[in-house]
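Remarks on the overall topology
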Amino acid sequence: MTDAPRLLVLWCPDWPVVAAGAAAGSPPTAPAAVFSANRVVACSASARGSGVGRGMRRRDAQSRCPGLVVHQHDPDRDARLFEPVAAAVESQAVGVEVVRPGLVAVPVTGAAGYFGGEAALAELLIDEVAARAGVECQVGIADGLFAATLAARRSALVPRGDAPKFLAPLAITELDQPGDERGELVALLRRLGLRTLGAFAALAERDVAGRFPKDAVTAHRLARGLSERPPLRRALPPDLSVTETFEHPLARVDEAAFVAKTLGERFFAGLARHGLACTRLAVVAITEAGEERVRVWRCAEPLTARATADRVRWQCEGWLNARDRPTAGIVRLRLDPEEVVGGQALQLQFGSMGRDADAAERAGRALVRIQGLLGPDAVVTPLLDGGRGPAERVRLVPWGEPRTPATADQPWPGRLPAPSPTVVSARRVPATVLDAAGAAVRCTDRGELSHPPATVAADDGPSRHVLGGGGGRGRGPPPPPPRRPRRCPA
């Protein structure tokens, strides 16, 4: 039994390439690719036929396809040009949610009953998008957003309750969807021999939570055909919505961009005060003529302040530049959280400094400011260096100074051998170590064990068998005496 709602997902293949080509006026059949940081973000079908793939370097892509048309990644452009597609879907079905530019989701139950079934609804939306937006698309229906997205890529209508059966034979690489950034998890699962979603779903949830990173629990739920996270049972505060009213109506994109930043920060701060984060955001605009425009953005990860501002800016830009743009300027913007989760889901952002350049820059500025207020030693980072014990090996380095180990490669006589203990007591605990015959094991003057240890009892506790050890060679034949140098006869 699944807890995931039944959704229809409409997918426009290779949307970043389609949007870039439409903005640049390049032929739609030409091999093209969109690049970000000199790597392929998306490519057309003709480019894939020449061997171009996502993540490939620009030089490699152009060597495989010499006639490749190169576009730069522009999320604003993708969102702006996708608004006509979302509007075409909304003209036939209610509850449209933009997952990302190129992908929208619609609840199936009401619309399918009105139009005579799920297959009829899918055919109607494909024709409507082609007629109003001039874009080719594919539709999939299944239980849950993840299964419906994969169904859309295969133009499949998965029967109700069959999402786990549909997902089971698919490759584990399907977990790494654009925007999810699960490449490291997928690589780890492949190394462990889990090549399909069904093999991953067969694992017990407690084993996944105990042995894999935090994001693996969400991926495990998706592989089982469940929703990304369990529903939040907590009663929501009534003041989570944020509204901004303007004296002068917004009619230009640059004005909307400035307002979006301020509004996104206020919205994020309001949720954070209640320990919450938003995963479905409704952007509501009211014009001077009384028109109301509403668009819901569904997000795989909880929204940060910057991500919220981006979606508000994209949506306003899409409305202001659409063919059926409002007849008057926007006088009021409102952000409503349609779905929230616990705010602890955002606490991985600081730890992802190495993977997110913007987060690293913001965190660095904040740490330097703290040092200016409290002194250079107020912010330190741990560095693993040389030493005999675990506590001695950790050296605290002030923020901004070089983090170079000084003595890590030096020999440390008497150093505790690996593996390090999982628990280190704050006081010295007496222990009794016995050999197989029940005799006490002692340490010789040379630092060797008198007998191989068999049992150990700490602090008058029960005896436990010794499975392995290090640092002592046990009793054995005495080492040969050092040889004296031979003198040459005079």
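**Comments concerning the nonpolar core**
In terms of nonpolar packing, the biggest core is built from 55 residues, with L10 and L333 touching the most fellow members. With residues near it in sequence (within four places) discarded, L10 still touches V85, V89, G102, L103, V104, L125, V129, C137, Q138 and V139. Core analysis: the next-biggest nonpolar cluster, separate from the first, contains 34 residues, L7, A147, L189 and F212 among them.

**A word on the pattern of salt bridges**
Inspection of the entire model under this criterion finds 17 salt bridges. As a salt-bridge pair, D143 and R6 come within 2.9 Å of each other at their nearest N and O atoms. Residue D143 is found in strand β7 (residues 138-143), and its partner R6 is found in strand β1 (residues 6-11); the two are separated by 137 residues along the sequence. Considered together, D143 and R6 belong to a single accessibility category, that of buried residues. Of the charged contacts, one joins D78 and R77 as a salt bridge, the two residues approaching to 3.5 Å between their closest N and O atoms. The exposure class of D78 is buried, given its relative accessible area of 4%. Here the salt bridges do not stand alone but share partners, grouping R6, E118 and D143 into one network.

**Digging into unusual backbone geometry**
Most of the time, phi is negative for any residue but glycine, and the peptide bond is trans. Positive phi, normally seen in glycine, also occurs at A37, with a value near 55°. Among the secondary structure elements, A37 is positioned in the loop between β2 (32-36) and β3 (39-43). Judged by its relative accessible area of 73%, A37 falls in the exposed class.

**Digging into helix α1 (residues 15-24)**
Among all positions of α1, only W15, P16, V17, A19, A20 and G21 are buried. Against β2, β3, β4 (69-72) and α4 (75-90) lie the buried residues of α1. Phi for G25, located one or two positions after α1, is positive at around 75°.

**Section: the pairing of strand β12 (residues 380-384)**
Only one face of β12 is buried, namely the one carrying T381 and L383, since none of V380, P382 and L384 on the opposite face is buried. Looking at chain direction, β12 and strand β13 (residues 394-398) are connected through five bridges and run antiparallel. Its bridge partner lying in β13, P382 is registered against L396.

**Side note on a nonpolar patch on the surface**
Residues V380, L384, V394 and L396 make up a contiguous nonpolar surface patch of roughly 360 Å² in combined accessible area. Elements supplying a minimum of two residues to the nonpolar patch: β12 and β13. Mapped onto the fold, L396 is located in strand β13. We classify L396 as exposed; its relative accessible area is 56%.

**Here's the deal with the sheet that holds strand β9 (residues 276-287)**
Here we have eight strands laid out as an open sheet, ordered β7-β1-β6-β5-β10-β9-β11-β8, and mixed in their pairing. In the strand order of this sheet, the two ends are held by β7 and β8 (242-250), each with one partner. Strand-to-strand, the axes of this sheet are offset by a mean angle of 25°, without reference to chain direction. Of the strands in this sheet, β1 and β7 touch helix α6 (residues 118-133), which is tilted by about 25° from β1. Strands β1, β5 (97-100), β6 (103-107), β7 and β10 (292-298) of the sheet are contacted by helix α7 (residues 145-153), whose axis makes an angle of about 145° with β7.

**Examining the sheet that holds β4**
A sheet is described by the order of its strands in space; here three strands give the open sequence β3-β2-β4, paired in mixed fashion. For this open sheet the edge positions go to β3 and β4, each flanked by a neighbour on one side alone. Neighbour to neighbour, the strand axes of the sheet diverge by 40° on average, direction disregarded. Relative to β4, β2 is paired through four bridges, and the arrangement is parallel. Bridge pairing in β4 places F35 opposite Q72. In the packing of α1 onto the sheet, the strands contacted are β2, β3 and β4, and the crossing angle to β2 comes to about 105°.

Scoring rules and cut-offs
- Residues numbered from 1 in each chain as written.
- Predicted model: local features only at pLDDT ≥ 70, side-chain atom pairs only at ≥ 80, totals over all residues.
- Heavy atoms only, no water.
- Core = buried A, V, L, I, M, F, W, Y, C linked by side-chain atoms within 4.5 Å.
- Buried < 20%, exposed > 50% of the residue type's maximum accessible area, 1.4 Å probe, protein only.
- Contact = heavy atoms within 4.5 Å.
- Salt bridge = Lys/Arg side-chain N within 4 Å of Asp/Glu carboxyl O.
- Helix = DSSP H or I, 4+ residues; strand = E, 2+ residues; numbered from the N terminus.
- Pairing = 2+ DSSP bridges.
- Patch = residues over 30% accessible without salt bridge, like charges linked within 9 Å, V, L, I, M, F, W, Y side chains within 5 Å.
- Areas by Shrake-Rupley, 256 points an atom, 1.4 Å probe, with all protein chains shown as cover.
- Axes fitted to C-alpha atoms, helices over the stretch in contact; angles between N-to-C directions.

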